[in-house]
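# Architecture and fold: a report
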Amino acid sequence: MSHVFPRHTKANLPTAVSGEGCYIIDSNGKRYFDGSGGAAVSCLGHSDQTVRQAIKDQVDELAFAHSGFFTSDPAEKLADLLIAHAPEGIERVYFVSGGSEAVEAALKLARQYHLERGDDKRSHIIARWQSYHGNTLGALSAGGNRWRRKPFEPLLVPMTHIDPCYAYRYQAQGESLEDYAIRAADLLEAEILRVGPEKVAAFICEPVVGATMGAVTAEPGYLKRIRKICDQYGVLLILDEVMCGMGRTGSLFACDQDGVSPDILCIAKGLGAGYQPIGAMLCSGKVYKAIEDGSGFFQHGHTYMGHPVACAAGLAVITAMFERNLLGKVQKRSLQLMTALTSAFGQHPYIGDIRGRGLFIGLELVRDRESKHPFPSDLALHAKVKKIAFANGLICYPMSGTIDGQSGDHILLAPPFIIEEEHIGEIVDKLAKTFAMIPE
Ligand code: PMP
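Residues numbered from 1 in each chain as written. Predicted model: local features only at pLDDT ≥ 70, side-chain atom pairs only at ≥ 80, totals over all residues.

Filter applied, for reference: UniProt positions are given in the numbering used here, feature names are shortened, and annotations may be inferred rather than shown by experiment.
As annotated in an unreviewed UniProt entry, the chain carries the name Aspartate aminotransferase family protein and comes from Kiloniella laminariae. Under Cofactor (unreviewed entry), UniProt gives the following word-for-word description of the chain: "pyridoxal 5'-phosphate". As its UniProt record puts it under Sequence similarities (unreviewed entry), the chain is described as follows: "Belongs to the class-III pyridoxal-phosphate-dependent aminotransferase family."

Laid out in structure tokens, this is it:
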């Protein structure tokens, strides 16, 4: 009997024993193509020589020094590199061990920012439905996935949510996407006014919604309008790029493509590329200065923040991305993968939409591709697709509740940035085989 506590107690998972490029190999020697990079994590594949060496070197040099006593070379260098490429105004990096921790730190920093400026009323956070920000109670309170929230209600931190609106972009029919984006963003203004602007600390959203909606990008103009509304009411803008950041969409940060700089930015997943658990919360000079000029102490922290080995891995990952022009490669492979998927599945009866940015692609599963109607939740396809694809040696990331937290489902593809053209053929062939095995 296994003593590991799995997420699905009835799941009988194979044992992963090694990694080779884009593949994971189990104890029976079966090879799985990692079409989702786990959950948009493994951007450099599973056996990157330079990252492995950087980790070994750092363990030999110094494994751990508590951040309350020391900074370290890898932490300093990684922070320098991130800031050199960060959106305008972002000046500081706060290291943590993963995405939920980055979001927790962001929510707390936003509240403390207002307090430091003598404003003790701004504690309210506004987020969006159909979002995911992590599983710790604070991050879960921000998240808008009703199914994940339900067992833990009432959640600890009172927050309110607005409709992401463009979640199901079919709603935009008959309206220009620009008008639609403005209408969607204006929901934030309405919510700020409803709560009372003097009470709102921050608004948090994912620039490209990952797990819950399957790579749904903001329509052009949406985030710019959101930025403007936040500025108008003194509300901080937190962008959660835990899934869509670190090159996944073809630029280091997803918001680079929207021309928007947040006050606080959360990253994780691809930062350690699966080699080490690491995340970070980046903040603007303005936000940092409020703490520096105020109490001088951010009331938050974790034992493993700024872990030297995790930072050495992050440094090696980003260095590799630039040295090997992997962002350019993401853009090129994205076009090829999109074209291949569209030609194979563009008319497939069960696939209503193929969307995304970079190597972050969602396939919306529908019962009727004409009306775009989803399957009823008890007949949703995502779990079947995941299971059959897995049996066929392809890992893809499934999720339900795309439309309103209940109905709608999709699968997410987020392969390593190192995929070659032949891998694109393999993804499409294995998916085609998978859909052919799904009963009508
Ligand atoms: N934010 C987003 C957008 C995510 O996709 C995730 C993880 N899927 C998280 C936060 C939480 O990250 P972690 O699982 O590393 O805590």
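The rest of the description comes next.
### Here we look at the site of the ligand
Basically, it comes down to this: The rule is simple: place the C-beta atom from the backbone, and if it lies within 6 Å of a molecule or strand, the residue is near it. Here a helix means four or more residues in a row that DSSP labels H or I, a strand means two or more in a row labelled E, and each is numbered from the N terminus. Side-chain classes follow a simple rule in which Ala, Val, Leu, Ile, Met, Phe, Trp, Tyr, Cys and Pro form the nonpolar group, Asp, Glu, Lys and Arg form the charged group, and the remainder, Gly included, forms the polar group.
Gly98, Gly99, Ser100, Val242 and Met243 are the nearest of the 15 residues found near the ligand. If one sorts the elements of the shell around the ligand by residue count, helix 4 (residues 99–116) sits on top with 3 residues. Here the shell around the ligand is composed, by residue class, of 7 nonpolar, 6 polar and 2 charged.

### Focus on the packing of helix 12 (residues 382–391) against helix 13 (residues 421–436)
The cut-off we apply is this: Every axis in this analysis is a line fitted to C-alpha atoms, fitted for helices over the stretch in contact. Angles between the N-to-C directions lie between 0 and 180 degrees. An angle below 35 degrees is treated as roughly parallel, one above 145 as roughly antiparallel, one from 65 to 115 as roughly perpendicular, and anything else as oblique. Left-handed describes a crossing whose near helix is turned anticlockwise from the far helix by less than a right angle; the clockwise case is right-handed. Whether two residues are in contact is decided by their C-beta atoms, placed from the backbone, lying within 7 Å.
Where helix 12 meets helix 13, the closest approach of the two axes is 9 Å, and the angle between their N-to-C directions is 120°. By the angle between their directions, the pair helix 12 and helix 13 is classed as oblique. As helix 12 runs across helix 13, the sense of the crossing is right-handed. Side by side, helix 12 and helix 13 meet where Val385, Ile388 and Ala389 of the first sit next to Lys430, Leu431 and Thr434 of the second. Tallied by class, the residues present in the contact of helix 12 with helix 13 amount to 4 nonpolar, 1 polar and 1 charged.

### What to know about the pairing of strand 2 (residues 23–26)
How we decide: In this analysis, strands are considered paired if DSSP registers two or more bridges between them.
When strand 1 (residues 16–20) meets strand 2, the two strands line up antiparallel, connected through 4 bridges. Within strand 2, the residue paired with Gly19 across the bridge is Ile24. As defined by bridge partners, strand 2 adjoins strand 3 (residues 31–33) across 3 bridges and the pair is classed as antiparallel. Residue pairing in the sheet places Ile24 in a bridge with Tyr32 of strand 3. Linking two consecutive strands that pair antiparallel, namely strand 2 and strand 3, is a turn of 4 residues; a positive phi of about 85° is found at Gly29 within it.

### Observations concerning the domain arrangement of the chain
Threshold: Note that domain bounds follow an automatic or database assignment of domains.
Each assigned domain of the chain is listed with its residue range as follows: domain 1 (16–47 + 325–436) and domain 2 (52–323). Put simply, the middle of domain 1 and the middle of domain 2, counted by C-alpha atoms, are 25 Å apart. In this complex, domain 1 contributes 31 residues to the contact, which on the side of domain 2 involves 33 residues. Every element with two or more residues in the side of domain 1 that touches domain 2 is listed here: helix 1 (37–40), helix 11 (326–345), strand 13 (351–356), strand 14 (361–365) and strand 16 (409–413). Top element by residues in the side of domain 1 that touches domain 2 is helix 11. It accounts for 5 residues.

### Notes on the sheet that holds strand 14
Ordered in space as 13-14-16-15, the 4 strands form an open sheet in which the pairing is antiparallel. A single partner strand is all that each edge strand has here, and the edge strands are strand 13 and strand 15 (397–400). Taking the axes of each pair of neighbouring strands and ignoring which way they run, one obtains an average angle of 20° across the sheet. Relative to strand 14, strand 13 runs antiparallel, the two being bridged by 5 bridges. Within strand 14, the position partnered with Gly356 by the bridge is Ile361. Helix 11 contacts strand 13 and strand 14 of the sheet and is inclined by roughly 175° relative to strand 13.

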